[in-house]
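Okay, here's what each chain looks like letter by letter:
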Amino acid sequence: MTPTFRHKWCGIFLSLHNACESPPTGVNLVLTCVTQDQRRSLGDMAAIRKPLWVACIFAASCLSYLVHAGEDNTLVMLNWPEYIDFDVVKKFEQQSGSLFRMVLFETDEARDELLAATDGHGYDISQITCDRVNGYAKQGWLAPMRVHLVPNMNHIGKRWLTEFPGIANYAVPFHWGTLGIAYRPDLLGEKITRWQDLLKPSERLRQKILMEKDSRNLAGMALKANGYSWNAHDKKAVKAATDTLIAQRPYVKAYSYPSMDKNSGLVTGEIWAATMYNGDVRSLQAFEPRIAYVIPDEGALLWMDCLAVLAQSKKKERAYAFINFLHAPNNAAQTANTLHYAPTNQAAIALMPPDFLNDQMINPPADVLRRSEFFTEQWPLRVERDYKKLLNGLIN
């Protein structure tokens, strides 16, 4: 029997019978999912299916009601779907007496708009792509990192604390990885080895491609495909990336992200190629081992995620305690092993099993890293806006 969950929304209880699956047993989570499409209409409310559980869209006008509705011991976290180990969360709840509420977002840009809508009010913790941390700090959304409350920061490798100058003042690195191409060589009948193969595809891939709905990442792929750095923003580079994405449009089935279950398009064969994060591909291979993952010859887009406490949080000490708990070596190792992402925690790495450490999808070799790159926040605002307009045009 499918369970029924009730979520409070502006004084109304929404029954999600047959719309979502049960959250992990024993974890006191209220889950809210705001996608990039639904957030455009602030008055709309709808229920959608997500891969595991989660199933509510809340209008931005009522979001602050939701996130303030919890008890004093409730922590509210902004996060991507399925991007935490709930057994670790359960341990924290049991040991600290906390409850956990999670608001899920689809993309970095969706999270940006959620925070802008409330000026950061209503949230205690957020997962943030590290290249955005300094921008969030300038907006006044992040609390300064109180290192004495997060002593497990001592386990973070020096490289990760210095990769993005200044971020350690506001955030703690968590995981890192690659953004590359997942595809079905058994269906395509040929190999994908370059970004060009996806962005200037063969006719066989028409309407078989899924591209991430993130303007910064899309532009990065197109820039790499044309021989530019992800951080390039001169007129010639921007025009080349823009023209490439427009020319690719007829081959793209949707701008979205593959679901992480047996109904995923990459599993069913509806989708033959998609942009994906390395750990997610490893998880999806449990349903279909013929899914391949390639870091293109031009190099991957590298990313690192950080944990930060929100400036408007009324429960900062509890939030710092949770970040410290996540970075206890045994908890960081368990989370990394569950999510299939490389930890920034050096003490956790020492606890990882050999098959994790030797998995080149999770831990790329040095030659791959040399030709890959992080985004370093060097685009002018005008370029960022133009790429966002481009993405909206491609979607619509």
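Computed from a predicted model, the values in this text were never measured in an experiment.

Peer 1: Can you help me understand the overall build of the chain in this one?
Peer 2: Helix and strand counts for the chain come out as 17 helices and 14 strands. The proportion of buried residues among the 396 residues of the chain is 56%. The long-range share in the chain, meaning contacts at least 24 apart out of those at least 6 apart in sequence, stands at 73%. Per element, the accessible surface of the chain, about 16300 Å² overall, is 51% carbon and sulfur.

Peer 1: Any chance you could explain the side chain of Asp261 here in plain terms?
Peer 2: Residue position: Asp261 is located in the loop between strand S9 (252-255) and helix H10 (265-268). A polar contact is formed between the side chain of Asp261 and the side chain of Ser259, at a distance of 3.1 Å.

Peer 1: I would appreciate a short explanation of helix H3 (residues 108-118) in the present structure.
Peer 2: Each turn of an α-helix holds 3.6 residues, which means side chains three or four residues apart point in the same direction. Burial analysis of H3 places 8 of its 11 residues in the buried class, which makes it a mostly covered element. Residues Asp108, Glu109, Ala110, Arg111, Asp112, Leu114, Leu115 and Thr118 constitute the buried set of H3. One or two positions beyond H3, positive phi appears at Asp119, with a value near 55°.

Peer 1: I would appreciate a short explanation of the packing of helix H2 (residues 86-96) against helix H13 (residues 329-339) in the present structure.
Peer 2: In a packed pair of helices, the relevant descriptors are the angle between the two axes and the axis-to-axis distance. Look at H2 against H13: their axes get within 9 Å of each other, and the N-to-C directions meet at 150°. Considering their axes alone, H2 and H13 lie roughly antiparallel with respect to each other. Mapping the contact onto sequence places Asp87, Val88 and Lys91 in H2 and Asn330, Asn331, Gln334 and Thr335 in H13. Here the residues of the contact of H2 with H13 sort into 1 nonpolar, 4 polar and 2 charged.

Peer 1: Would you mind showing me how to read the layout of surface pockets here?
Peer 2: Summary: where empty space remains is shown by rolling a probe the size of a single water molecule over the atoms. In this structure, the second largest pocket occupies an estimated 550 Å³ of space. Along its surface, the second largest pocket is lined by 20 residues, and Asp112, Arg132, Arg216, Leu381 and Lys388 are the ones closest to its centre. Elements represented by at least two residues in the lining of the second largest pocket include exactly H3, helix H4 (133-139) and helix H17 (381-395). For the lining of the second largest pocket, a count of residues per class yields 7 nonpolar, 3 polar and 10 charged.

Peer 1: I would appreciate a short explanation of the packing of aromatic side chains in the present structure.
Peer 2: How two aromatic rings sit relative to each other is given by the distance of their centres and the angle of their planes. This model, assessed by the stated rule, comprises 15 aromatic pairs. Centroid distance Phe100 to Phe322: 4.8 Å. Interplanar angle 55°. Geometry classified as tilted. Of this pair, Phe100 sits in strand S5 (residues 99-105) while Phe322 sits in helix H12 (residues 316-326), placing them 222 residues apart in sequence. With respect to burial, Phe100 and Phe322 carry one shared label: buried.

Criteria and thresholds
- Residues numbered from 1 in each chain as written.
- Predicted model: local features only at pLDDT ≥ 70, side-chain atom pairs only at ≥ 80, totals over all residues.
- Heavy atoms only, no water.
- Helix = DSSP H or I, 4+ residues; strand = E, 2+ residues; numbered from the N terminus.
- Buried < 20%, exposed > 50% of the residue type's maximum accessible area, 1.4 Å probe, protein only.
- Contact = heavy atoms within 4.5 Å.
- Areas by Shrake-Rupley, 256 points an atom, 1.4 Å probe, with all protein chains shown as cover.
- Polar contact = N/O pair within 3.5 Å; in protein donor to acceptor, adjacent residues only side chain to side chain.
- Axes fitted to C-alpha atoms, helices over the stretch in contact; angles between N-to-C directions.
- Parallel < 35°, antiparallel > 145°, perpendicular 65-115°, else oblique.
- Nonpolar A, V, L, I, M, F, W, Y, C, P; charged D, E, K, R; others polar.
- 1 Å grid on protein atoms, 1.4 Å probe; cavity = no way out; pocket = protein on both sides within 12 Å on 5 of 7 lines; lining within 4 Å.
- Points joined across faces, edges and corners; volume = space filled by probe spheres on them.
- Phe/Tyr/Trp six-rings, centres within 6.5 Å; stacked < 30°, edge-to-face > 60°.

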